[in-house]
Structures are given as C-alpha cells and as structure tokens.
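Observations on the model geometry
Residue strings, one per chain:
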Amino acid sequence: MQSWLQKYENYLRIERQVSPHTLNNYRRQLDKIIEILQKNDITEWRQVTPSVVRFVLAQSKNDGLHAKSLALRLSALRRFLTYLVQQGELQVNPAVGVSAPKQGKHLPKNIDTEQVQQLLANDSKEPIDIRDRAIMELMYSSGLRLSELQGLNLNSINTRAREVRVIGKGNKERILPFGRYASHAIQQWLKVRSLFNPKDDALFVSQLGNRLTHRAIQKRLETWGVRQGLNAHLNPHKLRHSFATHMLENSSDLRAVQELLGHSNLSTTQIYTHLDFQHLAQVYNSAHPRAKRKK
C-alpha cells in the first residue's frame, strides 16, 4: 500500500506541482487511512470497497474528527483512488458514491478596524518586533493566506509599486496591492533583516535565519494579540477575514474581493465574507426605490 502512496506523492509533486503544504496534508491523511485499514486486515487497495470507505469515515469520527476534517480525509482518499484507477490498479473508484458529512457554515470571525489599530499601535524598535509588524501589516493589507505569506521571497515584493506576487491554491499566481503602512513596515524590516543572518531569500526569517514556519507565524500573532490587549484570539486567518470584511463593507464589490482573496468561485467569497446588518441597512435605504428617504 505504501509503494502506491509513494508513487502518488511523486506524481503530485512532479507532474501536478502541488505545494509542499498541500502534499503534507494529503500524506498525513492517507497515512492515517492506511493505519485504519491495516488494523482491520486490509492490506491491498483492491480490497477497498464503498463499505470500507464508510468504515474508514466512521472510525475517523470515533477518533474525534469533526465534519470538516472528515470531509478532508474523504477528499484525500477519493483523489488517491482516482489516481489508482488512472494507473489501472483499480477498475472503479469506491469512494465516488460516498458522501462526506454535512458541515455547518461557520463564518470566520474578524476583528474590527479599531482593534486592528490597537494591534498595530506598537512602535518597538526591536528587530523581531519590526519583522512581526511587517508580517501583520502585509497580511491585513493584502488579505494573504498563511501559506502565501510563508512562501514569500525577497523578489516577491515591490515596495516602489506596492505590489506583492503570491502563489495561491492550485499553484496560481496573483499580484496584489498593499498600502503605505505595509510598505513602510516592510521597508523597515528589510533594513534589519540581515541581522538574522538569512540562509536563503525568504522574505520573513526566524532568529536562526531560516524561513519562518506556519506554526512560528501563528505563535507570533498569538503573542502580539495578548501583548496589545486584544479581547479575541489572534490568528492569520482572522487577519485575512478582517481584510475581506472591511474591503466589502467599504466597497460592496464582491467580485473585486473575490479576485483579491484568490477564490476561484464567487460562492466561496460569499460564505467567507459577511456584511454587518447596519451596513446592509444603509445599502438598502440608499438603493431600494421604495426605501429611499426624502432629503
């Protein structure tokens, strides 16, 4: 079973050029699936039937996985089995007819503009603080995903044009603008970056000179949230959602926000962003013919 998994990993990395982060997620899910199968005397992929797929999901649920994680595991298995069909190892994909558990639509929380100001109101001259401030300014200014920010190199940034080139999901490249506060923060960081003795051209590096990991960025944001007295837990996704929410509240241009976020489907943006009721009421009162108030 592992030999096919290795072939699949090579296929994804070389032919599909899947990002290392996505590749690790797939591998982690499939390794866990193999563990479940082998504990139940299933040692070949040809033994996997729709009933076995449902059993894997049921066992994963018993292990504590929630609906979103179960859907991810099923997706990883379904894609892998599709590959086996393409390679002639299987005749049909036994996971095709199996449905993932329904997920509740939980809107990610954002922080308001006053809290953003509070978060970034720190003019510490410590190099590590200068780096962290540049990270947060850029994430909020451009709505970057954590993986997109972590993958930035020096040549990804153009401070003169105030543009950043990112590689998003599906290995798709997009160029995003950023504001003057982010531009200033990045320039300040570039002045002190050499103090960290960088080992490559990663834009954001650790104190040991290595590219910052996902977890390191998450921990630094958590620390800043506590230090600046935010009344909510701070994470990279919350900054991205705040960017999207504030852009949509001030422009109402869903298509533009979709492009900035790098969503392939508008429906994703509609779920991802939300307008507060006060803003919706203002739009309604100013736009609907029967709601317009006389001056």
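In what follows, the structure referred to is the one given above.
Notes on the structure follow.

Cut-offs and rules
Residues numbered from 1 in each chain as written. Predicted model: local features only at pLDDT ≥ 70, side-chain atom pairs only at ≥ 80, totals over all residues. Heavy atoms only, no water. Helix = DSSP H or I, 4+ residues; strand = E, 2+ residues; numbered from the N terminus. Buried < 20%, exposed > 50% of the residue type's maximum accessible area, 1.4 Å probe, protein only. Contact = heavy atoms within 4.5 Å. Pairing = 2+ DSSP bridges. Axes fitted to C-alpha atoms, helices over the stretch in contact; angles between N-to-C directions. Parallel < 35°, antiparallel > 145°, perpendicular 65-115°, else oblique. Left-handed = near helix turned anticlockwise from the far one by under 90°. Nonpolar A, V, L, I, M, F, W, Y, C, P; charged D, E, K, R; others polar. Salt bridge = Lys/Arg side-chain N within 4 Å of Asp/Glu carboxyl O.

Turning our eyes to something else, we now look at the overall build of the chain. Helices and strands together make up the secondary structure of the chain, namely 13 helices and 3 strands. Put simply, the chain has 295 residues, and 41% of those count as buried. Summarising the internal contacts of the chain: among those between residues at least 6 apart in sequence, 58% fall at separations of at least 24.

Glancing now at the sheet that holds strand β3 (residues 173–177). Pairing is antiparallel across the open sheet formed by 3 strands, whose spatial order is β1-β2-β3. Looking at the sheet topology across the chains shown, the edges are occupied by β1 (157–158) and β3. Strand direction decides the pairing type here: strand β2 (residues 163–167) and β3, joined by 5 bridges, are antiparallel. The residue bridging Ile 167 from the neighbouring strand is Glu 173, located in β3.

This brings us to the environment of Arg 240. Within the secondary structure, Arg 240 is located in helix α10 (residues 236–251). Residue Arg 240 is classed as buried on the basis of its relative accessible area of 4%. Distance in space between the C-alpha atoms of Arg 240 and Arg 145 is 6.7 Å, their sequence separation being 95 residues.

Now for the packing of helix α6 (residues 127–142) against helix α8 (residues 180–192). Between α6 and α8, whose axes approach to 8 Å, the crossing angle comes to 150 degrees. It follows that α6 is roughly antiparallel to α8 by the angle criterion. Helix-helix and strand crossings are classified by hand; for α6 and α8 the assignment is left-handed. Of the residues in α8, those in contact with Pro 127, Ile 130, Arg 131, Arg 133, Ala 134, Glu 137, Leu 138 and Ser 141 of α6 are Tyr 181, Ala 182, Ala 185, Ile 186, Gln 188, Trp 189 and Val 192. Counted by class, the contact of α6 with α8 contains 10 nonpolar, 2 polar and 3 charged residues.

What follows concerns the pattern of salt bridges. Summed over the entire model, instances satisfying the criterion amount to 14 salt bridges. In this structure, Arg 27 and Asp 31 form a salt bridge, with 3.2 Å as the shortest nitrogen-oxygen distance. Of this pair, Arg 27 and Asp 31 both sit in helix α2 (residues 20–39), 4 residues apart, which is roughly one turn of the helix. A residue is classified by how much of its surface remains accessible, and Arg 27, at 23% relative accessible area, is partly exposed. Classification of Asp 31 by relative accessible area gives partly exposed; the value is 30%. Asp 129 is the salt-bridge partner of Arg 220, the closest N and O atoms lying 3.9 Å from each other. Placement of Arg 220 in helix α9 (residues 214–227) and of Asp 129 in helix α6 is noted, with a sequence separation of 91 residues between them. Since its relative accessible area comes to 7%, Asp 129 is described here as buried.

Everything listed is a geometric property; what it means functionally is a separate question.
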